[in-house]
Amino acid sequence: MARYLLYAAGAVLLALPFVQLPSYYMHVLILILIWGFTYTAWSIMGRFGLVSLGHGAFMGIGAYTVALLWNLYQIPPWLGIPAALALAAAVGLLIGYPCFRFRIVGHYFALVTLALSEVVLLTIIALREYTGGSLGLTPNRLGDGTSLYAFQFADKNDFYFAALITWAFGIWVWTRVDHSMSSFALIAISEDEDAAASVGIDVTRRKLAITLLSAVMTAFGGVLYTQYLMYINPGTVSGVAVSLQIVFAVIAGGMFVALGPTVGAAITILMAETLRVLIGTSMVGLDTTIYGLMLILFIIFLPTGVLGGLTDWWRQQMGR
């Protein structure tokens, strides 16, 4: 069932630009694809018990590195992206290696990553002379706003295909990891590290590799988000709130199914847009409160998420 859903979703998403949807609908679809890719990046490591609450840090690193290199030094995003990914990998290595080497796991690992997210957020705010602080940063537009050199597209249809390719790449990576031997090794590690090490699995190397892959992909999600909106601030691409939003969306959609994080992205974005239209700014933070309540309900009653629950139900029906 999951494979057929994946093929159907890909076909529908590929055909949508030719339907001439209104600009607002294209905007929502692009956001779902970008966040779906970012959530997929988190689920690559989260599904193996590596619960990170600091992926907002990697997203912020990717977003601000490319924007600052472009604004300050006119370095195009095509050169800034490798630098951003390398920086995200370096930070992931700096945090991940000591944690995995000294067996900092579970709640303690989550707390370390949570602190990382807040450190990056405060660093961005402190460097306000360059980053704009809490007011945010707007990348300089080149010409009329459409430039392949600057990775800027005024037409939403053009950027939609860039987001779609990135999303498809994220699904492909998730599937490759799921069908690889590393997946079995990581499952064994999540069950019992000592037992996994006793049969020859390099625990530290396996966990570090999947963490760095997840961090680099999340950083690229931050780059894509910045190049689309052409505006960023610390609250939208970094910090604890973004990290918790990522965790909620993946759990809501289902982290054990390739399309689960994308379903989670659709749920969170449609909910945010609906609340924005119905309530506006009269009740700031209501969406976060709802996310928290829904997260509790999902963990208790639907731990495999919406798509994961549907997949389990379908398998039961087929078994009967």
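Residues numbered from 1 in each chain as written. Predicted model: local features only at pLDDT ≥ 70, side-chain atom pairs only at ≥ 80, totals over all residues. Heavy atoms only, no water.

**A closer look at the pattern of salt bridges**
Heads up, the rule is: Counted as salt bridges are all cases of a side-chain nitrogen of Lys or Arg within 4 Å of a carboxyl oxygen of Asp or Glu.
Evaluation of the coordinates by the stated rule reveals 5 salt bridges. Residue R205 is joined to D202 by a salt bridge in which the shortest nitrogen-to-oxygen separation is 3.8 Å. What emerges from the salt-bridge pattern is a single network uniting R103, E193, D194 and K207.

**Considering the packing of helix 12 (residues 240-253) against helix 15 (residues 305-319)**
The condition is simple: Helix axes are fitted only over the stretch in contact, all axes being lines through C-alpha atoms; the angle between N-to-C directions runs from 0 to 180 degrees. Under the scheme used here, helices are H or I runs from DSSP no shorter than 4 residues and strands are E runs no shorter than 2 residues, and both carry numbers assigned from the N terminus. Geometric relationships in this document are graded by angle, where less than 35 degrees denotes roughly parallel, more than 145 denotes roughly antiparallel, 65 to 115 denotes roughly perpendicular, and other angles denote oblique. Contacts are residue-level and defined by heavy atoms, with any inter-residue pair within 4.5 Å sufficient. Three residue categories are used. Nonpolar comprises Ala, Val, Leu, Ile, Met, Phe, Trp, Tyr, Cys and Pro, charged comprises Asp, Glu, Lys and Arg, and polar comprises the others, including Gly.
It is at 3 Å that the axes of helix 12 and helix 15 come closest, and there the two elements cross at 15°. Compared by their axis directions, helix 12 and helix 15 come out roughly parallel. The segment helix 12 lies against helix 15, with I251, A252 and G253 engaging G305, V306, L307 and G308. When grouped by side-chain class, the residues that make up the contact of helix 12 with helix 15 number 4 nonpolar, 3 polar and no charged.

**Describing the side chain of E273**
Under the convention used in this document: Burial status follows relative accessibility: with a 1.4 Å probe on protein chains alone, a residue under 20% of its type maximum counts as buried, one over 50% as exposed, and anything between as partly exposed.
The residue E273 is located in helix 13 (residues 260-278) in this model. Judged by its relative accessible area of 15%, E273 falls in the buried class. If sequence neighbours within four positions are ignored, E273 has contacts with Y24 and V28.

**Focus on helix 7 (residues 156-178)**
Let me state the cut-off plainly: For a helix, the expected span equals 1.5 Å multiplied by the number of residues minus one. For this analysis, a polar contact is any N or O atom pair within 3.5 Å, provided that within protein one partner can donate a hydrogen and the other can accept it, and provided that sequence-adjacent residues contribute only side-chain to side-chain pairs.
Look at helix 7: 32 Å from first C-alpha to last across 23 residues, which is about the 33 Å you get at 1.5 Å a residue. The opening residue of helix 7 is D155, an N-cap whose side-chain oxygen sits 3.1 Å from the backbone nitrogen of N157.

**Observations regarding the side chain of S243**
Residue position: S243 is located in helix 12. Under the relative-accessibility criterion, S243 is labelled buried at 1%. Within the structure, the side chain of S243 is placed 2.9 Å from the backbone nitrogen of G56, a separation counted as a polar contact.

**Brief notes about the nonpolar core**
We count it as follows: Buried Ala, Val, Leu, Ile, Met, Phe, Trp, Tyr and Cys residues that are joined via side-chain atoms within 4.5 Å together make up what is termed a nonpolar core.
Ranked by internal contacts, the top residues of the largest apolar core, which has 83 residues, are I34, W35, Y160 and I210. For this core, the element with the most residues is helix 2 (residues 23-46), which contributes 15 residues. With sequence-adjacent residues up to four places away left out, W35 is seen in contact with M59, Y225, T236, V242, Q245, A265 and I269.

**Quick word on unusual backbone geometry**
Its identity as a non-glycine residue notwithstanding, R103 has a phi of 60°, on the positive side. Examined against the element boundaries, R103 turns out to sit in the loop between helix 4 (77-101) and helix 5 (106-126). In the Ramachandran plot, F151 falls in the positive-phi region, its phi being about 55° despite a non-glycine side chain. With respect to the helices and strands, F151 occurs in the loop between helix 6 (128-131) and helix 7.

**Topic: the packing of aromatic side chains**
Quick note on the threshold: To pair, rings of Phe, Tyr and Trp, with the six-membered ring standing in for Trp, must have centres within 6.5 Å; the planes then decide the type, stacked if under 30 degrees apart, edge-to-face if over 60, and tilted in the middle.
Summed over all chains, the structure comprises 15 aromatic pairs. Aromatic side chains W35 and Y39 sit 5.6 Å apart centroid to centroid with 35° between the ring planes, which places their arrangement in the tilted category. You can see W35 and its partner Y39 sitting in helix 2, 4 residues apart, about one turn around the helix. Across the pair, exposure class does not vary: W35 and Y39 are buried alike. Here the aromatic residues W78, F151, F153, F159 and Y228 are joined through ring pairs into a cluster of three or more.

**Section: the environment of V112**
Within the secondary structure layout, V112 lies in helix 5. You can call V112 partly exposed: its relative accessible area is 28%. Distance in space between the C-alpha atoms of V112 and G54 is 8.0 Å, their sequence separation being 58 residues. Every residue in contact with V112, bar those within four places of it in the chain, is listed here: I95, C99 and I104.

**As for helix 12**
Spanning 14 residues, helix 12 covers 20 Å between terminal C-alpha atoms, matching the ideal 20 Å at 1.5 Å per step. Helix 12 sits mainly inside the fold: 10 of its 14 residues count as buried. Inspection of helix 12 places V242, S243, I246, V247, F248, A249, V250, I251, A252 and G253 among the buried residues, and these make up the whole buried set.

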